[in-house]
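Here is how the chains run, residue by residue.
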Amino acid sequence: MSLPLWPILHGLAAGAGVDVGWYPPRNTSVNDLATALRGPGVYGFIFNSSQTPDAEYGTYNWCNMPHVRRTEYIRPSPEYKLRYVEVIQRHHKRTPYASNAFPVEPYHWDCNDQGLYYYGAPFGDDKRRPAPAFWTGFISSVNPYVPKGWIGTCQFPQITAQGLDDSYVHGQDLYGVYHGLLGFLPSRAQDWRSKVVYRVTQNVITSQVAGMLIGGMWGTRDSIPLLIEAAGVDSLEPQYTCSAGSALFSAIQSPSNAAWKTHLDEAAELYSTLDAISGVSPTDSGFHASFDHYFDNLSARQCHAKPLPCMVGNAASSQCINQTLADTVYRLGQWEYSHIYRDAPQSLPAAAATYGVWVAELAAHLRAVVAGQESPLYFHNVAHDGSVSRLLSILQIDRMVWPGMGSEVVFELYKRAHTTGRSTAEKPSPSGNYVRVLFGGQVLRSSNPSLGVIDMLPVETLLTYFDGLVGKDAGLVVGKCNGTIQL
């Protein structure tokens with residue numbers, strides 16, 4: 001039985017002629033299953049270093065994705081004045097999740113080159129200040145209970161020392177563009193604190209990144225607030241309950257979806273080889289529902305220059321996961337993300353429901369700036385791959401990839417100056433405000449014809465598109481999530 005095709009409704013949002021229907025992405029090597037199963041390499045993507053040569057910057061780098069940098073940044077026409085910037089990024093590179101470990105890992109993973117600081121400090125009392133206490137992982141010589149999987153002084157996950165360094169450089173690069181190049185943000189000597197906002201999720205790895213990123217941007221060691229929403233309702237991760245949207249994503253990744261079932265069936269021999277080496281049980285549903293667990297386990301090693309694993313107790317070359325096997329896992333992981341978030345027609349309504357609240361918050365920020373309300377100049381969200389993937393799904397990016405470490409989407413809001421010349425934008429904005437969206441430092445291209453190349457798109461078009469999917473102020477989200485409004 002195959003998954004019923006979701007209706008592809010290319011409907012117009014009320015009153016604006018904006019198409020809110022799903023359109024498929026381009027056909028590329030990434031979403032071609034035959035290439036994912038049997039192709040060579042991984043499309044020129046980088047999986048073994050945070051460093052991308054300057055001449056190749058912009059190349060997909062799982063370990064440290066390209067982002068806005070001064071050397072590659074394309075300045076818009078002088079007729080456009082920047083008014084607001086909102087960034088959402090995935091955290092930087094980390095140790096693997098404990099759930100993605102093999103039953104017995106062949107080596108330890110220690111994190112003795114950094115500290116994770118967890119302490120509270122009262123405001124308004126300068127006499128009683130906390131010591132900056134940090135966690136040091138240890139292994140007890142007495143405790144008879146040994147954890148399965150990863151053993152070492154790290155948390156699984158935590159941002160590694162290299163990931164912290166990537167976060168710092170990311171912050172430096174953002175400052176280099178939005179202050180150094182454009183003069184938009186204040187200097188470090190001016191009152192920048194009242195102009196910027198940072199937000200994180202309930203997962204502490206986002207706070208680990210935010211602290212280093214802020215240090216890189218502003219060169220400060222001062223205490224800086226991070227906005228965080230309550231557990232269970234956070235829109236950034238997201239955590240709010242959305243049964244109907246989650247059900248759609250589950251349907252995409254189920255045997256009832258013929259394409260999904262085919263890719264798992266075709267990968268059966270690969271799974272058998274990986275299981276025999278790793279010791280993972282063939283009945284482990286976490287490892288076999290998708291390639292997510294194997295992908296995380298192997299890529300985290302390679303990003304940190306650790307060897308690919310061999311069968312415990314047998315280091316013969318035939319009993320090791322070699323680069324060819326790892327590359328196949330990476331290709332299939334890329335195919336899966338493209339299928340889940342773009343190729344399946346159900347991906348758009350699923351993403352709009354499960355990420356609609358955050359999109360509505362973004363829309364509210366843009367509206368406030370357009371209306372001349374007092375607003376920050378810059379808003380930075382540190383989130384996860386599921387956050388960025390859902391956003392790219394809603395924007396209908398024309399070539400979907402799995403958002404790697406540090407992946408970044410930037411929304412820039414501009415006001416066009418009144419000139420006698422013709423606007424470089426294809427369509428005029430009634431308010432004179434335009435949006436440019438960047439992914440990986442490059443202008444994002446959408447498959448949806450109302451969005452197209454999102455480079456000086458009238459802000460009204462983007463807002464109408466968002467409203468058509470999630471409602472103004474997220475007015476459609478609760479109904480879509482609980483099933484009272486059809487997805």
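Please read all numbers here as calculations on a predicted model, not as lab measurements.

## Some details on the nonpolar core
Inference 1: Within the largest apolar cluster, 96 residues are counted, with the highest numbers of intra-cluster contacts made by Phe411 and Phe466.
Inference 2: The next biggest cluster of nonpolar side chains, apart from the first, holds 25 residues, and it includes Trp192, Ile214, Val410 and Tyr434.

## What to know about the state of the cysteines
Inference 1: Overall, the coordinates contain four disulfides when judged by the stated rule.
Inference 2: In this model Cys63 forms its disulfide with Cys303; the gap between the sulfur atoms is 2.1 Å. Taking the torsion about the S-S bond as the criterion, the Cys63 to Cys303 disulfide, at about -90°, is left-handed. Within this pair, whereas Cys63 is found in the loop between helix H1 (33-38) and strand S3 (80-90), its partner Cys303 is found in helix H8 (residues 292-303), the two being separated by 240 residues in sequence. Across the pair, exposure class does not vary: Cys63 and Cys303 are buried alike.
Inference 3: Once the disulfide-bonded cysteines of the protein are ranked by sequence position, their pairing pattern turns out to be 1-5, 2-3, 4-8, 6-7.

## Section: the side chain of Thr461
Inference 1: Within the element layout of this structure, Thr461 appears in helix H12 (residues 459-470).
Inference 2: Given the relative accessible area of 13%, Thr461 is considered buried.
Inference 3: Those residues in contact with Thr461 that lie beyond four places of it in its chain are Val18 and Ser450.

## Quick word on the packing of helix H2 (residues 161-181) against helix H3 (residues 204-218)
The relative placement of two packed helices comes down to the angle between their axes together with the axis-to-axis distance.
Inference 1: The contact between H2 and H3 brings their axes to 7 Å, and the two run at 40°. With respect to their mutual orientation, H2 and H3 come out oblique. For H2 against H3, the interelement crossing comes out right-handed. Seen from H2, the contacting residues are Leu164, Ser167, Tyr168, His170, Gly171, Gln172, Leu174 and Tyr175; seen from H3, they are Gln208, Val209, Met212, Leu213, Gly215, Gly216, Met217 and Trp218.

## Things to note about unusual backbone geometry
Inference 1: Of note, the amide linkage connecting Phe156 to Pro157 takes the cis form, showing an omega dihedral of 20°.
Inference 2: Tracing the backbone through its elements, the reader meets Pro157 in the loop between strand S5 (134-135) and H2.
Inference 3: The peptide bond linking Glu237 to Pro238 adopts the cis configuration, its omega dihedral lying at -5°.
Inference 4: Of note in the backbone geometry, Ala305 takes a positive phi value of approximately 60° without being a glycine.
Inference 5: Within the secondary structure, Ala305 sits in the loop between H8 and helix H9 (323-343).

Rules used throughout
Residues numbered from 1 in each chain as written. Predicted model: local features only at pLDDT ≥ 70, side-chain atom pairs only at ≥ 80, totals over all residues. Heavy atoms only, no water. Core = buried A, V, L, I, M, F, W, Y, C linked by side-chain atoms within 4.5 Å. Buried < 20%, exposed > 50% of the residue type's maximum accessible area, 1.4 Å probe, protein only. Disulfide = S-S within 2.5 Å. Helix = DSSP H or I, 4+ residues; strand = E, 2+ residues; numbered from the N terminus. Contact = heavy atoms within 4.5 Å. Axes fitted to C-alpha atoms, helices over the stretch in contact; angles between N-to-C directions. Parallel < 35°, antiparallel > 145°, perpendicular 65-115°, else oblique. Left-handed = near helix turned anticlockwise from the far one by under 90°.

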